[in-house]
Amino acid sequence: MDYQPSEKRYSDMIYRRCGKSGIDLPVISLGLWHNFGGVDTFEPFRKIIWKAFDAGITHFDLANNYGPPPGSAEENFGRILKMDFQSHRDEMIISTKAGWDMWPGPYGDFGSRKYLIASLNQSLKRMQLDYVDIFYSHRPDPFTPLEETMGALASTINSGKSLYTGISSYEAERTQQAADLLKSYRTPCLIHQPQYSMFERWVEDGLMNVLGENGIGCIAFSPLAQGLLTNKYLNGIPEGSRAAKVTGFLQANEVTVERIEKVTKLNGIAKNRNQSLAQMAIAWLLKDERVTSVLVGASSTEQLVDNLASLANLKFQHEELKMIEEILTNG
Ligand SMILES: NC(=O)c1ccc[n+]([C@@H]2O[C@H](COP(=O)([O-])OP(=O)(O)OC[C@H]3O[C@@H](n4cnc5c(N)ncnc54)[C@H](OP(=O)(O)O)[C@@H]3O)[C@@H](O)[C@H]2O)c1
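**Q** Explanation requested: the overall build of the protein in the structure shown.
**A** From N to C terminus, the protein includes 10 helices and 10 strands. The C-alpha atoms of the protein give 19 Å as radius of gyration, which agrees with the globular expectation for 331 residues (20 Å, within 12%). Its C-alpha atoms put the protein at 50 × 50 × 40 Å along the principal axes. For the protein, the residues scored as buried account for 44% of the 331 residues in total. Pairs at least 24 residues apart make up 76% of the contacts formed inside the protein by residues separated by at least 6 positions.

Here's what the structure looks like:
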C-alpha cells in the first residue's frame, strides 16, 4: 500500500522549543523501543509511523539495541523511511543511542569512544541514513572518563554523522559536568532523556533545575509507566500486553494491588476531566514547560490516537493537581 502524508499534518500538533536551541519538538514524540522489532508484524507498525507523521509527530526515537532482536527496530524503521518517507527526511528528527550492551567483548557496552562511534556507524547502516539528528549517550558510564564519552558525542557532530548531542538517565551532577564539557567542545547538549512519569519522579529532585538552568530540553521516556498509567491493567493483565510478554520490560509482578488502587483513583480524576488516564498522564508531564516532549510508545494506532488526544486539554485546576499529588503520595 502507498502512503501519502496528510496535508494537514502540522495543523493540530503543539511544538515546544528544545531548551536553548533552534529545534522545536512535538510535545508528543514516538519511541520504537518495543513493538517495532523483528518479532513484531511489519504492516501494523508501519501504519503507526504513518499515523504519527500525519498527526505532526516529527520526532522518532530509536537506540542501537531496540528490537528484539537488538538492531531490528532500526532496520525496520530504515525500511519504512525508504518506502514511505524518502522525500520527508528533512521534516524529521531521528535519534539513536548507544550505551547498553550491544555486542560481545569489551567494546560493545557503556561509554567508550570506540563503542559510541562504532555503534553509530552501525545504526546509520541499519537505518540507511547519512546522519541522525540526535545521538545520545544512553546511560552514564562510571568506568570511562566523561571527557571521553562527551568527546565521542562531539566528534560525531564534527564528522557530520549527527547534528545534536543528547544524554539519557544521567543524574543531576553528572548532567552538569556533561553540559560543561559539551559546551567547551562547542557542541552543546540539546536534550536529556530521563524516565519521568507520575510513578517515576526522580527528575524533580534536582535534574529538572539543571536542565532549565543550562538550556537543555527534556524528553520524558516511559511517560505511561510502560502502560501502567492507562486503563489497560485495571482488571488484570490482558493477553498480549507488555506485562504479559516474556520479552517485555514491564514485569507482571510490577502490576501490584497498591499500584492498581492508585491507577483506579487516578482514572476517576481523568474521567472527570473527560480524558483517558493515558491522556491525563501525558498532560500532567507537559504542565512543566521545561518538558519539551513526552516520548510515548504504542502497540497500535488506536493507542497513539488516544495519546494524541491529550493535546485537547493540557491544563489542570489547582484542586486536581492536589488530588493527584495526594494519590501519588499516600495512595
Ligand atoms: N533512554 C532510555 O533508557 C529509554 C528507556 C525506555 C524507553 N525509552 C524511550 O521511550 C519510549 C517510550 O517508552 P515506553 O514504551 O516504555 O513508553 P510508555 O508510553 O510509558 O508505554 C508504552 C506502552 O504503554 C501501552 N500504551 C500506550 N498508550 C496506551 C493507551 N493509550 N492505552 C493503553 N495502553 C497504552 C502500550 O503497551 P502494550 O504493548 O501493553 O499495549 C505501549 O507499548 C521508548 O520507545 C524509547 O524510545 C528510552
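**Q** What is the right way to read the site of the ligand from this model?
**A** Taken together, 30 residues lie around the ligand, and G31, W33, F221, G227 and G297 are the ones closest in. Every element with two or more residues in the shell around the ligand is listed here: β10 (291-296) and α9 (301-308). Considering every element that reaches the shell around the ligand, the biggest residue donor is α9, with three residues. Of the residues contributing to the shell around the ligand, the split by class is 10 nonpolar, 16 polar and four charged.

**Q** Sorry, what's going on with the nonpolar core here?
**A** What tends to happen in soluble globular proteins is that the nonpolar side chains get buried as a cluster. Formed by 87 residues in total, the largest nonpolar core has its most connected members in A220, L229, A281 and V294. At nine residues, the largest contribution of residues to this core is made by helix α8 (residues 277-286).

**Q** I'm lost on helix α4 (residues 146-158) in this one. Help?
**A** Structurally, the α-helix is built with 3.6 residues per turn, so residues lying three or four positions apart point the same way. In a regular helix each residue adds 1.5 Å, so 13 residues correspond to 18 Å; α4 covers 18 Å between its end C-alpha atoms and thus fits that length. Where α4 is buried, its residues contact α3 (113-127), β6 (132-137), β7 (162-168) and α5 (172-184).

**Q** Help me understand the pairing of β6, please; the structure alone is not making it clear to me.
**A** As a general feature of sheets, a regular strand has side chains that alternate between the two faces. Of all six residues in β6, six are buried, a share of seventy percent or more. Inspection of the sheet shows strand β5 (residues 93-98) paired to β6 by four bridges, in the parallel sense. By the bridge assignment, S95 is partnered in β6 with I134. Taking the sense of rotation as the criterion, the β-α-β connection linking β5, α3 and β6 turns out right-handed. As judged from the five bridges shared by β6 and β7, these two strands associate in the parallel manner. Counterpart to I134 in the pairing with β7 is Y164.

**Q** Even after reading the chapter, I still don't get helix α7 (residues 257-272), so can you show me in this structure?
**A** The end-to-end C-alpha distance of α7, which contains 16 residues, comes to 23 Å, matching closely the 22 Å that a straight helix rising 1.5 Å per residue would cover. Three or more residues of α7 are buried, namely K262, V263, L266 and A270. Across the axial projection of α7, the buried residues extend over an arc of 100°, all falling on one side. Across from the buried face of α7, at angles greater than 90 degrees, the exposed residues are V257, E261, G268 and N272. Its buried side turned inward, α7 meets α8 and α10 (318-330).

**Q** Sorry if this is basic, but what is going on with the environment of G56 here?
**A** Examined against the element boundaries, G56 turns out to sit in the loop between α1 (42-54) and β4 (59-61). Separated by 47 residues in sequence, G56 and R9 have C-alpha atoms that sit 4.8 Å apart. Aside from chain neighbours lying at most four places away, what touches G56 is R9, Y10, D12, M13 and P26.

**Q** Can you walk me through unusual backbone geometry in this structure?
**A** Trans peptide bonds make up most of the peptide bonds, and negative phi angles are found at most residues other than glycine. With an omega of -10°, the peptide bond running from G67 to P68 counts as cis. With respect to the element layout, P68 can be found in the loop between β4 and α2 (72-84). Note the cis peptide between P68 and P69, where omega equals -10°. With respect to the helices, strands and loops of the structure, P69 is situated in the loop between β4 and α2. Look at A225: it is not a glycine, yet its phi comes out positive at around 50°. Mapped onto the elements of the fold, A225 is located in the loop between β9 (217-221) and α7.

**Q** Before we go on, may I ask you to explain the packing of α3 against α4 in this structure?
**A** What describes two packed helices is the angle between their axes and the distance between those same axes. Viewed as axis vectors pointing N to C, α3 and α4 meet at an angle of 30°, and their least axial separation amounts to 8 Å. Put simply, α3 runs roughly parallel to α4. In this structure, the crossing between α3 and α4 has a hand that is right-handed. Mapping the contact onto sequence places R113, L116, I117 and L120 in α3 and E148, T149, G151, A152, L153 and T156 in α4. The residue makeup of the contact of α3 with α4, split by class, is five nonpolar, three polar and two charged.

About the thresholds
- Residues numbered from 1 in each chain as written.
- Predicted model: local features only at pLDDT ≥ 70, side-chain atom pairs only at ≥ 80, totals over all residues.
- Helix = DSSP H or I, 4+ residues; strand = E, 2+ residues; numbered from the N terminus.
- Rg over C-alpha atoms; globule rule 2.2 N^0.38 Å.
- Buried ≥ 20, exposed ≤ 12 C-beta atoms within 10 Å, placed from the backbone.
- Contact = placed C-beta atoms within 7 Å.
- Near = placed C-beta within 6 Å.
- Nonpolar A, V, L, I, M, F, W, Y, C, P; charged D, E, K, R; others polar.
- Core = buried A, V, L, I, M, F, W, Y, C linked by C-beta atoms within 7 Å.
- Expected span 1.5 Å × (residues − 1).
- Pairing = 2+ DSSP bridges.
- Right-handed = clockwise from strand over helix to strand, strands pointing away.
- Arc of directions from axis to C-beta.
- Axes fitted to C-alpha atoms, helices over the stretch in contact; angles between N-to-C directions.
- Parallel < 35°, antiparallel > 145°, perpendicular 65-115°, else oblique.
- Left-handed = near helix turned anticlockwise from the far one by under 90°.

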